[in-house]
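# Geometric and topological summary
Given next are the chains, with one letter for each unit.
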Amino acid sequence: MTRFANQTVLVTGGSSGIGLAAAKAYANEGARVVITGRDEQALARAQADIGHGAIALRNDAGSVEEAQRLATALQDRDIQLDAIFINAGVAKFAPFADVPESLWDDTFNANVKGPYFQIQALTPLLRAGAAIVINGSINAHTGMPNSSVYAASKAALISLAKTLSAELLPRGARVNVVSPGPITTPLYGKLGLDSATLEATAAAIQGQIPVGRFGTPEELASTVLHLSAKESAFIVGSEIIVDGGMSNL
Ligand SMILES: NC(=O)c1ccc[n+]([C@@H]2O[C@H](COP(=O)([O-])OP(=O)(O)OC[C@H]3O[C@@H](n4cnc5c(N)ncnc54)[C@H](OP(=O)(O)O)[C@@H]3O)[C@@H](O)[C@H]2O)c1
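All figures in this text were calculated on a predicted structure; none of them were measured in a lab.

Taken together, 30 residues are adjacent to the ligand, and Ser16, Ala61, Tyr150, Thr185 and Lys190 come closest. Between Arg38 and the ligand, the recorded distance is 2.7 Å, taken from a side-chain N or O atom to an oxygen atom. Residue Gly181 places a main-chain N or O atom 3.5 Å away from an oxygen atom belonging to the ligand. Calculation on the ligand without its partners gives an accessible area of 880 Å², and the protein chains cover 95% of this total. For the shell around the ligand, the elements supplying multiple residues, two or more each, are α1 (17-28) and α5 (148-168). Across the shell around the ligand, the residue classes break down as 11 nonpolar, 14 polar and five charged.

A complete count under the given rule lists five aromatic pairs for this structure. Aromatic pair Phe4 and Tyr26: ring centres 5.2 Å apart, planes at 90 degrees, arrangement edge-to-face. Placement of the pair is Phe4 in the segment before β1 (8-11) and Tyr26 in helix α1, with a sequence separation of 22 residues. By relative accessible area, which is 0% here, Phe4 ends up buried. For Tyr26, a relative accessible area of 0% puts it in the buried group.

Turning next to the sheet that holds strand β2 (residues 32-37). For sheets, the rule is that strands pair by backbone hydrogen bonds, running either parallel or antiparallel. Reading across from one edge, β3-β2-β1-β4-β5-β6-β7 is the order of the seven strands in this open sheet, with parallel pairing throughout. Two strands close off the open sheet at either side, each with one partner strand: β3 (55-58) and β7 (239-242). Adjacent strand axes in the sheet meet at a mean angle of 20 degrees, parallel and antiparallel pairs treated alike. Looking at chain direction, β2 and β3 are connected through four bridges and run parallel. Paired with Gly37 across the strands is Arg58, a residue of β3. Across the sheet, helix α3 (residues 64-76) lies against β1, β2, β3 and β4 (81-86), angled at about 150 degrees from β3, the strand it touches most. Along the sheet face, helix α7 (residues 217-228) touches β4, β5 (126-135), β6 (174-180) and β7 and points at about 165 degrees away from the line of β6.

Criteria and cut-off values
- Residues numbered from 1 in each chain as written.
- Predicted model: local features only at pLDDT ≥ 70, side-chain atom pairs only at ≥ 80, totals over all residues.
- Heavy atoms only, no water.
- Near = heavy atom within 4 Å.
- Polar contact = N/O pair within 3.5 Å; in protein donor to acceptor, adjacent residues only side chain to side chain.
- Areas by Shrake-Rupley, 256 points an atom, 1.4 Å probe, with all protein chains shown as cover.
- Helix = DSSP H or I, 4+ residues; strand = E, 2+ residues; numbered from the N terminus.
- Nonpolar A, V, L, I, M, F, W, Y, C, P; charged D, E, K, R; others polar.
- Phe/Tyr/Trp six-rings, centres within 6.5 Å; stacked < 30°, edge-to-face > 60°.
- Buried < 20%, exposed > 50% of the residue type's maximum accessible area, 1.4 Å probe, protein only.
- Pairing = 2+ DSSP bridges.
- Axes fitted to C-alpha atoms, helices over the stretch in contact; angles between N-to-C directions.
- Contact = heavy atoms within 4.5 Å.

This is the structure:
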């Protein structure tokens with residue numbers, strides 16, 4: 001399929017995991033892809049992996065100043081966007097009693113404030129009919145211990161998909177959320193848990209997934225592309241949960 005021929009798509013956090021899988025899928029379907037991330041070596045590796053003339057730009061998704069800088073960098077290249085996958089995000093888990101203010105600020109800056117102002121800065125670059133897909137999480141719907149800050153940040157994104165759709169629809173753009181359950185990516189090594197706790201957590205999570213396994217980044221990417229393509233033009237301000245049944249069964 002070439003649903004994205006002659007289109008340009010931005011994937012924030014496109015150097016790893018779900019973002020990288022989505023970037024490759026967009027490129028394989030004809031899109032020119034722009035990816036962002038902070039680690040320049042990871043960006044260069046991903047750029048080569050995606051191929052198809054992908055553009056990699058170093059950018060911190062947690063900075064409002066850098067949000068504007070990214071918009072300017074795209075404008076300088078005469079780039080207009082047909083789709084944006086707001087995917088970059090951090091997951092730091094800690095017991096409620098131990099959460100420091102810095103964990104709250106880091107999480108909300110990268111997961112909510114940065115994305116909010118990134119979408120604002122990119123709005124003038126959106127082509128008519130553009131689609132914005134935001135990466136949420138089923139943690140927004142479940143009461144998983146130690147996830148309070150992360151879960152709240154993802155719940156905020158689900159709200160934003162509705163309000164921003166209401167404001168952007170007159171400009172011909174729509175916003176939706178894909179909410180993954182547990183997906184095998186490098187994210188789990190970044191949770192801030194020691195290896196014994198991480199292993200126990202992974203086993204406990206796996207036991208709660210009705211299909212009996214973690215999902216793959218590619219399984220997420222297919223829903224991201226669906227929400228970005230014209231075929232989903234009637235899906236507006238919605239959320240699609242991709243979690244092997246974890247939050248529904
Ligand atoms: N894996 C799961 O089970 C799961 C479940 C639910 C939701 N999600 C969501 O899926 C999204 C992607 O996660 P993943 O699992 O694919 O993790 P990942 O493999 O760790 O990838 C995260 C990507 O985001 C980038 N990133 C992180 N913070 C950034 C920042 N401040 N500025 C720019 N880029 C940043 C990373 O690059 P740099 O580190 O180089 O910046 C990397 O490219 C996140 O929003 C996460 O919350 C994941």
